[in-house]
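What follows is each chain in one-letter form.
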Amino acid sequence: MTICALATAPGGAIGIIRISGPQTLEILSRVFSKDLRNAHPNTIHYGHIKNGKEIVDEVLVSVFRSPHSYTGEDSAEISCHGSRYILSKVLALLIENGCRQAGPGEFTQRAYLNGKMDLSQAEAVADLIASTNRASHQMAMSQLRGHFSNELATLREQLLKLTSLLELELDFSDHEDLEFADRSQLYELAKTIDNRITQLARSFETGQAIKQGIPVAIVGKTNVGKSTLLHRLLKDERAIVSNIHGTTRDTIEDTIDIHGVNFRFIDTAGIRQTSDQVEQIGIERTYQAISKARIVLWMIDAEPSTEEISNITQRIQNKSLIVVVNKIDKHEIPLLSALTSHRPHPVIKIAAKYAQGIPQLEQAIYDAAQLPDITHSDIIITNARHYDALIRAHESIQRVITGMDQQLPGDLLAEDLRLTIDTLAEITGGQITPNEVLGNIFTNFCVGK
Ligand SMILES: Nc1nc2c(ncn2[C@@H]2O[C@H](COP(=O)(O)OP(=O)(O)OP(=O)(O)O)[C@@H](O)[C@H]2O)c(=O)[nH]1
Ligand SMILES: [Mg+2]
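For the structure given in this document, a descriptive report is provided here.

Rules of the game
- All residue numbers refer to positions counted from 1 along the written sequence of the respective chain.
- Note on labels: chains are lettered from A, ligands numbered from 1, in written order.
- Given that this is a predicted model, residues contribute local features only at a pLDDT of at least 70 and side-chain atom pairs are listed and counted only at 80 or more, while totals for whole chains, interfaces and linings are drawn from all residues.
- Based on all heavy atoms of the structure, the side-chain values leave hydrogens and waters out of the count.
- Two aromatic rings from Phe, Tyr or Trp, using only the six-membered ring of Trp, form a pair when their centres are within 6.5 Å; if the ring planes differ by under 30 degrees the pair is stacked, by over 60 it is edge-to-face, and anything between is tilted.
- Strands are runs of DSSP state E lasting at least 2 residues, helices are runs of H or I lasting at least 4, and numbering of each runs from the N terminus.
- Here the term buried applies to any residue with accessible area under 20% of the maximum for its type, exposed to any over 50%, and partly exposed to those in between, with areas from a 1.4 Å probe on protein chains only.
- Lysine NZ or arginine CZ positioned within 6 Å of the ring centre and within 35 degrees of the ring normal marks a charge as sitting over the ring.
- Between any two strands, pairing holds if DSSP finds at least two bridges.
- In this analysis, two residues are considered to be in contact whenever any of their non-hydrogen atoms come within 4.5 Å of each other.
- Lines are fitted to the C-alpha atoms to define the axes, a helix being fitted only along its stretch in contact, and any angle between axes, read from their N-to-C directions, falls within 0 to 180 degrees.
- Multiplying one less than the number of residues by 1.5 Å gives the expected span of a helix.
- Nitrogen, oxygen and sulfur within 2.8 Å of a metal are treated as its donors, or within 3.2 Å for sodium, potassium and calcium (Na, K, Ca); water is not counted, so a site can appear incomplete.
- Polar contact is the term for a pair of N or O atoms within 3.5 Å; when the atoms are in protein, one must be able to donate a hydrogen and the other to accept it, and sequence-neighboring residues count only if both atoms are side-chain atoms.
- Each nonpolar core is a collection of buried residues, namely Ala, Val, Leu, Ile, Met, Phe, Trp, Tyr and Cys, held together in the definition by side-chain atoms within 4.5 Å.
- Taken from the helix axis, the directions to the C-beta atoms give the arc we talk about.
- Within this document, salt bridges are pairs made up of a side-chain nitrogen of Lys or Arg and a carboxyl oxygen of Asp or Glu, the two lying within 4 Å of each other.

1. Overview of the packing of aromatic side chains
Part 1 of the reasoning: Scanning the entire structure with this criterion turns up 1 aromatic pair.
Part 2 of the reasoning: Between Phe204 and Tyr387, the ring centres sit 4.4 Å apart and the planes meet at 15 degrees, which makes this aromatic pair stacked. Of the two residues, Phe204 sits in helix H7 (residues 183-212) while Tyr387 sits in helix H13 (residues 384-405), which places them 183 residues apart along the sequence.
Part 3 of the reasoning: Accessibility expressed as a relative area gives 12% for Phe204, which makes it buried.
Part 4 of the reasoning: For Tyr387, a relative accessible area of 30% gives the class partly exposed.
Part 5 of the reasoning: Sitting over the ring of Tyr70, Lys449 keeps its end group 4.4 Å from the ring centre.

Here you go:
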């Protein structure tokens, strides 16, 4: 069936309608001023779309021929003027002449089914369209270009090697005089595979953080300047600033791009002893914000008490902590010996009100995120479906490893090895992928992609 859809967002100067399927050029020729049935691949044709005698629009038609097209089928793109009227008229004409309106992601689904890309690459197309900053763009681009797919292919090769070595052992186990691959070598190989799978699965947390914005909590006592800092970072006045202690009573969040990565800043209620119930709830939320953050900015404007030090340090176990000393325009810089002797945290001195030290703080935040080098070869998992498959693959290869520990014979390990291979293959769609799964993946796409 030949499908068509509007591929561009409404409201632009130009709107592009996409067509794909065996009858593309046949149908187009019925509504276009020229016969395109024998048009050469990768050519552009100027003419008009007509509805009987009425000229609907002057357009350019780009022709692609199977298999050298996005979908792998014969396909075309009509560049029209961006009028909603024109675009819906052209779509209606195509449908009257034999096209069907495409479903979400149907062009990409066809590209996948025709072997133009694997499933993880198809998913990267949706991520690429949704990307809003350098980091999410690069993660999607790397996946689209097949870096993750290549990695999975390597794992598959290693797993197949392991399987065949075990089978060999099985086939000749009666021949006691034959030498087999050393079990400890097989064991090492299984471990190497599992390590890589685990590493990929772990990157999901970072991938999620980058997609949603890395959470950074700004915490400290009341009146130290937390909300002022949020304004400085956002270049916008989001929270009330005042010299009254306890001004902020709820958490306030906003996202900022630092060196191409999204950080989600959470301004919190200042920590102090209070009998005000609303403020107490706010302070409870501050503690929750700390527990959800990856990076904690602990702001002080004077030497912190030992009580404050222990309160904060207790709560930041696995987080990156940056000590932010504020109001350096006004105060002597406090001595931080009690703090830094216990664990070396970066200490950044700023005057939030006067925008001093902000670039240094931004750099420290970026460094504290310890992001992998996305521009190069580091692979980051961003998709929950992939994560789920990696976790299951890890579980099955773990059973293989435990089995080897227990000296189980090869035939008892073979099943879990096969399962590991199949589970990883789900990611790229190398295994037969159930329609339901495909449906779930492609309904998240926009129509026209
Ligand atoms: N001198 C000076 N004053 C500052 C600086 N930063 C903030 N202030 C002032 O400190 C006071 C408190 O600032 P806020 O940003 O409201 O402090 P906060 O930490 O959000 O306070 P709570 O919401 O009550 O916890 C305000 O009067 C600010 O103008 C600074 O760098 N230098
Ligand atoms: Mg505040």
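2. Some remarks on the sheet that holds strand S1 (residues 3-6)
In any sheet, the strands associate via hydrogen bonds between backbone groups, in a parallel or an antiparallel arrangement.
Part 1 of the reasoning: Taking strand neighbours across the sheet as the criterion, the 6 strands line up as S3-S4-S5-S2-S1-S6 in an open arrangement whose pairing is mixed. Here the strands that pair on one side only, and so sit at the sheet edges, are strand S3 (43-51) and strand S6 (100-101).
Part 2 of the reasoning: Seen against the sheet, helix H2 (residues 84-96) touches S1, strand S2 (14-20), S3, strand S4 (54-64), strand S5 (75-81) and S6 and runs at an angle of roughly 150 degrees to S5.

3. Some remarks on helix H14 (residues 410-428)
Part 1 of the reasoning: Counted at 1.5 Å a residue, the expected span for H14 with its 19 residues is 27 Å, and the 28 Å between its end C-alpha atoms agrees.
Part 2 of the reasoning: When H14 is considered as a whole, its buried residues turn out to be Gly410, Leu413, Asp416, Leu417, Thr420, Ile421, Thr423, Leu424, Ala425, Ile427 and Thr428.
Part 3 of the reasoning: Following H14 by one or two positions, Gly429 adopts a phi angle in the positive range, close to 80 degrees.

4. A look at the coordination of the magnesium ion (ligand 2)
Part 1 of the reasoning: Looking at the metal site, the magnesium ion (ligand 2) is ligated by Ser227 (OG) and Thr248 (OG1), spaced 2.0 to 2.1 Å from it. Within this pair, whereas Ser227 is found in helix H8 (residues 226-234), its partner Thr248 is found in the loop between H8 and strand S8 (252-258), the two being separated by 21 residues in sequence. Neither residue differs from the other here; Ser227 and Thr248 are each classed as buried.

5. Digging into the environment of Ile350
Part 1 of the reasoning: Considering the arrangement of structural elements, one finds Ile350 in the loop between strand S12 (347-349) and helix H12 (358-368).
Part 2 of the reasoning: In this structure Ile350 comes out as buried when scored by relative accessible area, which is 0%.
Part 3 of the reasoning: Those residues within four positions of Ile350 in sequence are excluded, and the remaining contacts are Leu229, Met299, Val324, Val325, Asn326, Lys327, Ile328, Gln356, Gly357, Ile358 and Leu361.

6. Some details on the side chain of Gln121
Part 1 of the reasoning: Tracing the chain through its elements places Gln121 in helix H4 (residues 119-130).
Part 2 of the reasoning: For Gln121, a relative accessible area of 16% gives the class buried.
Part 3 of the reasoning: Within the local environment of Gln121, its side chain forms a polar contact with the backbone nitrogen of Asp118, the two atoms lying 2.9 Å apart.

7. Considerations on the pairing of S3
Side chains on a regular strand alternate between the two faces of the sheet.
Part 1 of the reasoning: When S3 meets S4, the two strands line up antiparallel, connected through 9 bridges. Each residue of the ladder has a partner; that of Ile49, found in S4, is Asp57.

8. Considering the nonpolar core
Nonpolar side chains in soluble globular proteins tend to be buried together.
Part 1 of the reasoning: Ranked by size, the top nonpolar core spans 35 residues in total, and within it Leu229, Phe263, Phe265, Ile295, Leu297, Ile322 and Ile365 carry the most contacts.
Part 2 of the reasoning: With 5 residues, H12 is the largest single contributor of residues to this core.
Part 3 of the reasoning: Residues in contact with Leu229, not counting those within four places in the same chain, are Ile218, Leu297, Met299, Ile350, Ala352, Ile358 and Leu361.
Part 4 of the reasoning: In terms of nonpolar packing, the next biggest core, distinct from the first, is built from 28 residues, Leu155, Leu390, Val400 and Leu424 among them.

9. Quick notes on H2
Part 1 of the reasoning: Taking 1.5 Å per residue as the helical rise, H2 with its 13 residues ought to reach 18 Å, and the 18 Å between its terminal C-alpha atoms agrees with that figure.
Part 2 of the reasoning: Taken as a whole, H2 has its buried residues at Ile86, Leu87, Val90, Leu91, Leu93 and Leu94. Down the axis of H2, the sector holding all buried residues measures 160 degrees, keeping them to one side. Exposed side of H2, more than 90 degrees from the buried face: Arg84, Tyr85 and Glu96 are the residues found there.

10. With respect to the pattern of salt bridges
Part 1 of the reasoning: The final tally for this structure, using the stated rule, is 20 salt bridges.
Part 2 of the reasoning: With a closest N to O distance of 2.8 Å, Arg392 and Glu426 form a salt bridge. Of this pair, Arg392 sits in helix H13 while Glu426 sits in helix H14; the two residues are 34 residues apart in sequence, bridging distant segments of the chain.
Part 3 of the reasoning: When its relative accessible area of 31% is taken as the criterion, Glu426 is described as partly exposed.

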